[in-house]
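# Structural features, examined
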Amino acid sequence: DAGVIQSPRHEVTEMGQEVTLRCKPISGHNSLFWYRQTMMRGLELLIYFNNNVPIDDSGMPEDRFSAKMPNASFSTLKIQPSEPRDSAVYFCASSLGGLGSNQPQHFGDGTRLSIL
Amino acid sequence: QQQVKQSPQSLIVQKGGISIINCAYENTAFDYFPWYQQFPGKGPALLIAIRPDVSEKKEGRFTISFNKSAKQFSLHIMDSQPGDSATYFCAASKTGGSARQLTFGSGTQLTVLP
């Protein structure tokens, strides 16, 4: 049973470049979450989708960040232009959503992003 | 605004000992409290969760104790093992909306010495 799949696992790029992170949620899950993890701020929710629709993007730090979910099996998080302070581990998680659902969020193994 | 405060930041326990991690929350609307375990290079994984209608939940060596009036909950790991060495996150969420949004604590790095 495949879990949440993220790519790439590691990304090193120079400041100003566009970065695209990818996520394939668990088949059948209808909620998808993007998180950022840093030592200073811990795990922060950036945005989440339900049935491919962005529900809450209040955690997206700036307009440089954007996320899409064109279909139930794929999502992207894009940073353009990237800055050194964007360096972090980015996680994607998915779950079976629904009002009051207690279904757990399943996390991928993350993308470690380093902006030089 | 940090809505879930977790302590300690790090914890060192001898093999066979009890590990205790504490969390406190502010939002009384929270009604679901999971704990996640994260190993290096991996994403967090759900360990155990509790709802506020019970004061304790036990799964194997892991127990959540919940104090609704104090707005506190804790994770107890009995007979701690070196394989338990990981970072533990408490979290909280509330019913409503189309999916549960989790608010995470800052994490506790647990080291269990052999």
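Residues numbered from 1 in each chain as written. Chains lettered and ligands numbered in written order. Predicted model: local features only at pLDDT ≥ 70, side-chain atom pairs only at ≥ 80, totals over all residues. Heavy atoms only, no water.

### So, the pattern of salt bridges
Residue and element names in this part refer to chain A. In the structure shown here, the tally under the stated rule is eleven salt bridges over all chains. Ionic pairing is found between Glu44 and Arg41, a salt bridge with its closest N-O pair at 2.7 Å. The class for Glu44 is buried, based on a relative accessible area of 16%. Judged by relative accessible area, Arg41 falls into the exposed class, the value being 58%. Linking Arg85 and Glu62 is a salt bridge whose minimum nitrogen-to-oxygen distance equals 2.8 Å. Pair noted here: Arg85 is in the loop between β8 (74-79) and β9 (88-95) and Glu62 is in the loop between β6 (53-56) and β7 (65-71), with a separation of 23 residues, a long-range link. Residue Arg85 is classed as exposed on the basis of its relative accessible area of 56%. (Salt bridge = Lys/Arg side-chain N within 4 Å of Asp/Glu carboxyl O. Buried < 20%, exposed > 50% of the residue type's maximum accessible area, 1.4 Å probe, protein only. Helix = DSSP H or I, 4+ residues; strand = E, 2+ residues; numbered from the N terminus.)

### Overview of the sheet that holds strand β3 (residues 19-25) of chain B
Residue and element names in this part refer to chain B. A sheet is described by the order of its strands in space; here five strands give the open sequence β1-β3-β8-β7-β6, paired in antiparallel fashion. The outermost strands of the open sheet, each flanked by one partner alone, are β1 (4-7) and β6 (56-59). Going from strand to strand, the sheet's axes swing by 15 degrees on average, the running direction of each strand aside. Bridge count between β1 and β3: four bridges; the pairing is antiparallel. In the sheet register, Ser7 faces β3, and the bridge partner there is Asn22. (Pairing = 2+ DSSP bridges. Axes fitted to C-alpha atoms, helices over the stretch in contact; angles between N-to-C directions.)

### Regarding the side chain of Thr76 of chain A
Counting through the fold element by element, Thr76 of chain A comes out in strand β8. Leave out the neighbours within four places in its chain, and Thr76 of chain A touches Thr20, Leu21, Arg22, Trp34, Ser66, Ala67 and Lys68 of chain A. (Contact = heavy atoms within 4.5 Å.)

### Examining the packing of aromatic side chains
Residues and elements named next belong to chain B. Tallied over the entire structure, the rule returns 17 aromatic pairs over all chains. For the pair Tyr25 and Phe66, a centre-to-centre distance of 6.1 Å together with 15 degrees between the ring planes defines the contact as stacked. Of this pair, Tyr25 sits in strand β3 while Phe66 sits in strand β7 (residues 62-67); the two residues are 41 residues apart in sequence, bridging distant segments of the chain. With a relative accessible area of 7%, Tyr25 lands in the buried category. (Phe/Tyr/Trp six-rings, centres within 6.5 Å; stacked < 30°, edge-to-face > 60°.)

### A closer look at a nonpolar patch on the surface
Residue and element names in this part refer to chain B. Together, Ile18, Ile20 and Met78 give the surface a local cluster of nonpolar side chains, amounting to about 240 Å² of exposed area. Along the chain, Met78 turns up in the loop between β8 (72-77) and β9 (86-92). Residue Met78 is classed as partly exposed on the basis of its relative accessible area of 34%. (Patch = residues over 30% accessible without salt bridge, like charges linked within 9 Å, V, L, I, M, F, W, Y side chains within 5 Å. Areas by Shrake-Rupley, 256 points an atom, 1.4 Å probe, with all protein chains shown as cover.)

### Considerations on the sheet that holds β7 of chain A
All names here are of chain A. Judged by pairing direction, the sheet is antiparallel, and its four strands sit side by side in the order β1-β3-β8-β7 without closing on themselves. One side of each edge strand has no neighbouring strand; the edge strands of this open sheet are β1 (5-7) and β7. For this sheet, the mean inter-axis angle between neighbouring strands, taken without regard to orientation, is 15 degrees. Sheet topology places strand β3 (residues 19-24) next to β8; five bridges connect them, and they run antiparallel. Within β8, the residue paired with Val19 across the bridge is Ile79.

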